[in-house]
Amino acid sequence: QVQLVESGGGLVQAGGSLRLSCAASGSIFSINTMGWYRQAPGKQRDLVASITSGGNLNYVDSVKGRFTISRDNAKNTVYLQMNRLKPEDTAVYYCNAVVTGNLVMYSWGKGTLVTVSS
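Residues numbered from 1 in each chain as written. Predicted model: local features only at pLDDT ≥ 70, side-chain atom pairs only at ≥ 80, totals over all residues. Heavy atoms only, no water.

Caption draft 1: Expanded view of the overall build of the chain. If you tally the helices and strands in the chain, you get 0 helices and 11 strands. The N-to-C order of helical and strand elements in the chain reads β-β-β-β-β-β-β-β-β-β-β. Compactness check: the chain gives a C-alpha radius of gyration of 13 Å against a globular reference of 13 Å for 118 residues, within 12% of the reference. Along the three orthogonal principal directions, the C-alpha set of the chain runs to about 40 × 25 × 25 Å. Of all 118 residues assigned to the chain, the portion counted as buried reaches 44%. Of the accessible surface of the chain, which amounts to about 6,100 Å², a share of 49% is contributed by carbon and sulfur atoms. Side chains of the chain give 11 positive and 6 negative charges; the mean places of these two sets differ by 3 Å. (Helix = DSSP H or I, 4+ residues; strand = E, 2+ residues; numbered from the N terminus. Rg over C-alpha atoms; globule rule 2.2 N^0.38 Å. Buried < 20%, exposed > 50% of the residue type's maximum accessible area, 1.4 Å probe, protein only. Areas by Shrake-Rupley, 256 points an atom, 1.4 Å probe, with all protein chains shown as cover. Lys, Arg positive; Asp, Glu negative; His and termini not counted. Charge placed at Lys NZ, Arg CZ, Asp CG, Glu CD.)

Okay, structure coming up:
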């Protein structure tokens, strides 16, 4: 079972940037799609960005143009560059291997908290 450890969250003012990292304990080379999810207080966890092994990128509308997902298979790491952050981006962010939508391959990690102040 691959374990996932997210890091890079923190407190930032609106308009600021953060870069999240997700380190996998095993190889992600053969995983087709890796994704970043987020869960805001009182809400369900939703997929916000994904990247396939072929480099295809997908984002939810609310983060398009502001967030960039990338992966480094050699380092078994997935990144999420978040720019022009908004208070509504406040959430715990998680990564996982995407089966489809919110169906994932591995157990969830602890996530990393992103708090955006106005």
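Having put the structure on the table, let's press on.
Caption draft 2: Summary view of the pattern of salt bridges. Tallied over the full model, the rule gives 3 salt bridges. A salt bridge links D89 to R38; its shortest N-O distance comes to 2.9 Å. Of the two residues, D89 is situated in the loop between β8 (77–82) and β9 (91–100) and R38 in strand β4 (residues 33–39); the sequence distance between them amounts to 51 residues. Across the pair, R38 and D89 agree in class, each one buried. Between K64 and D61 there is a salt bridge, with its nearest N and O atoms 3.1 Å apart. Judged by its relative accessible area of 47%, K64 is partly exposed. The exposed category is assigned to D61, whose relative accessible area is 64%. (Salt bridge = Lys/Arg side-chain N within 4 Å of Asp/Glu carboxyl O.)

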